[in-house]
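# Geometric and topological summary
Residues per chain are reported as follows:
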Amino acid sequence: MAGMRFQEYSGQWEFTRYRKKPAGGSRRLANAKEIYDFNAWDNVEWDEEQENQASQAVFENSSEKMNRNESAKFKIGANKYWDSFYEVHQNRFFKDRHWLFTEFPELAPRNITQECRSIFELGCGVGNTLLPILKYSLEAQLKVYGCDFSSTAIQILRANPAFDCKRCEVFVMDATLEDWVVPFEKGSQDIIVMIFVLSAIEPAKMQLVVENCYQYLKPGGLILLRDYGRYDLAQLRFKSGKCLEDNFYVRGDGTMVYFFMQSEIRNFFTKAGFLEEQNLIDRRLQVNRSRMLKMYRVWVQAKYRKPISDKK
């Protein structure tokens, strides 16, 4: 029966099977009976009841905050916990970024110019964004930089056979420091990439990070951001006692994560002087068909541009 049903709509959905789709997704669930026929559905709308249930779950898991001394341990030793994370997982985590060039075609444009561009990624980890850029970019003169405050992640990235030291330079840096030590000048970067990195920073330091990004972008340069959204499945799964601050938690491995509202992202970047080009909520329904489970993911995706006529 399932095979017959698939044949009925295969013309409509088959081109989405491997998720090579237009930006924002295009596999939308119109018939609830089809929910377990694919692993994921795009742009899923939440009704008021589901929104209230998520809000209640967050209220329950965040009502008891971790004490200040315990919380400080994770904030001060953040790099240590990320080192431990990469020592365990090496380059086997965060691998499937099939959406990277669909959502951010600016990273590897098909129509190239003679201009020598420069891209910098904050929180590059083991290269899950940088390595695909190096692989698929057609720009012979492209220069790519990446930093991470985990020295272990940088070591793993440099050891990767796909790492090209002639086109890419990576280094260890704590992006929450007021003064960045980087191998390029202020106002020199065409694009700064922030993929699931701002959420790993304690909220009190986020604005400083955004303002430093502004300083290092060229006039007209672009921020590309994707991060965890409020009421994402990962937030709802936290147990009581893991909340450091409102919407800011510590995972079992000691790494920290924040869950954003669109308005928070907008406030950070517009306050720093950026112009908003995109700020959207990406809601996905992921399905475990063997266990008949529904998992609702929520991400924030944004693009902010530094004005060409920088008056700051």
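Worth saying up front: this structure is predicted, and the values here are computed from it rather than measured.

### What to know about the nonpolar core
Ranked by internal contacts, the top residues of the largest apolar core, which has 42 residues, are F120, L122, W180, M194, L198, I223 and F269. Once residues within four sequence positions are removed from consideration, I223 is found in contact with I192, M194, C213, L217, F269, F274, A302, K303 and Y304. Among the nonpolar cores identified, the runner-up in size contains 22 residues, and W99, L131, I133 and L134 belong to it.

### Points about the pairing of strand β2 (residues 118-122)
Across a regular strand the side chains alternate sides, sitting on one face of the sheet and then on the other. Within β2, five of the five residues are buried, which leaves the element mostly enclosed by the surrounding structure. In β2, alternate side chains face the same way, and those of S118, F120 and L122 on one face and I119 and E121 on the other are all buried. Inspection of the sheet shows β2 paired to strand β3 (residues 143-148) by five bridges, in the parallel sense. Across the sheet, residue I119 finds its bridge partner in β3, namely V144. Between β2 and its parallel partner β3, the chain crosses via helix α6 (residues 130-136), and the hand of that crossover is right-handed. Bridge count between β2 and strand β5 (residues 189-195): four bridges; the pairing is parallel.

### With respect to the side chain of S118
Considering the arrangement of structural elements, one finds S118 in strand β2. Residue class for S118 comes out buried when judged on its relative accessible area of 10%. Looking at S118, its side chain comes within polar contact range of the side chain of Q189, at 2.8 Å. In contact with S118, other than residues within four places in its own chain, are K143, Y145, S188, Q189, D190 and I191.

### As for helix α4 (residues 78-89)
Look at α4: 17 Å from first C-alpha to last across 12 residues, which is about the 16 Å you get at 1.5 Å a residue. Every buried residue of α4 is accounted for by A78, Y81, W82, D83, F85 and Y86. The inward-facing, buried residues of α4 abut α3 (68-76), α7 (151-159) and β9 (256-258). Looking one or two residues past α4, Q90 carries a phi angle of roughly 50°, positive in sign.

### Considering the sheet that holds strand β8 (residues 248-250)
The strand order across the open sheet formed by three strands is β7-β8-β9, and the pairing between neighbours is antiparallel. Lying at the two open borders of the sheet, with one neighbouring strand each, are β7 (243-245) and β9. Neighbour to neighbour, the strand axes of the sheet diverge by 30° on average, direction disregarded. The sheet contact formed by β8 and β9 spans three bridges and is antiparallel. Within the sheet, the bridge partner assigned to F248 lies in β9 and is Y258.

### Re unusual backbone geometry
Note: most residues except glycine have negative phi, and most peptide bonds are trans. Notably, F196 is not glycine yet its phi reads approximately 50°, a positive angle. Here F196 shows up in the loop between β5 and α8 (206-216). With a phi angle near 75°, Y231 is a residue other than glycine that sits in the positive phi range. Here Y231 shows up in the loop between β6 (217-228) and α9 (233-236). Y231 sits in the buried class, given a relative accessible area of 16%.

So, how was this worked out
Residues numbered from 1 in each chain as written. Predicted model: local features only at pLDDT ≥ 70, side-chain atom pairs only at ≥ 80, totals over all residues. Heavy atoms only, no water. Core = buried A, V, L, I, M, F, W, Y, C linked by side-chain atoms within 4.5 Å. Buried < 20%, exposed > 50% of the residue type's maximum accessible area, 1.4 Å probe, protein only. Contact = heavy atoms within 4.5 Å. Helix = DSSP H or I, 4+ residues; strand = E, 2+ residues; numbered from the N terminus. Pairing = 2+ DSSP bridges. Right-handed = clockwise from strand over helix to strand, strands pointing away. Polar contact = N/O pair within 3.5 Å; in protein donor to acceptor, adjacent residues only side chain to side chain. Expected span 1.5 Å × (residues − 1). Axes fitted to C-alpha atoms, helices over the stretch in contact; angles between N-to-C directions.

Bear in mind that shape data such as this cannot, by itself, settle questions of function.
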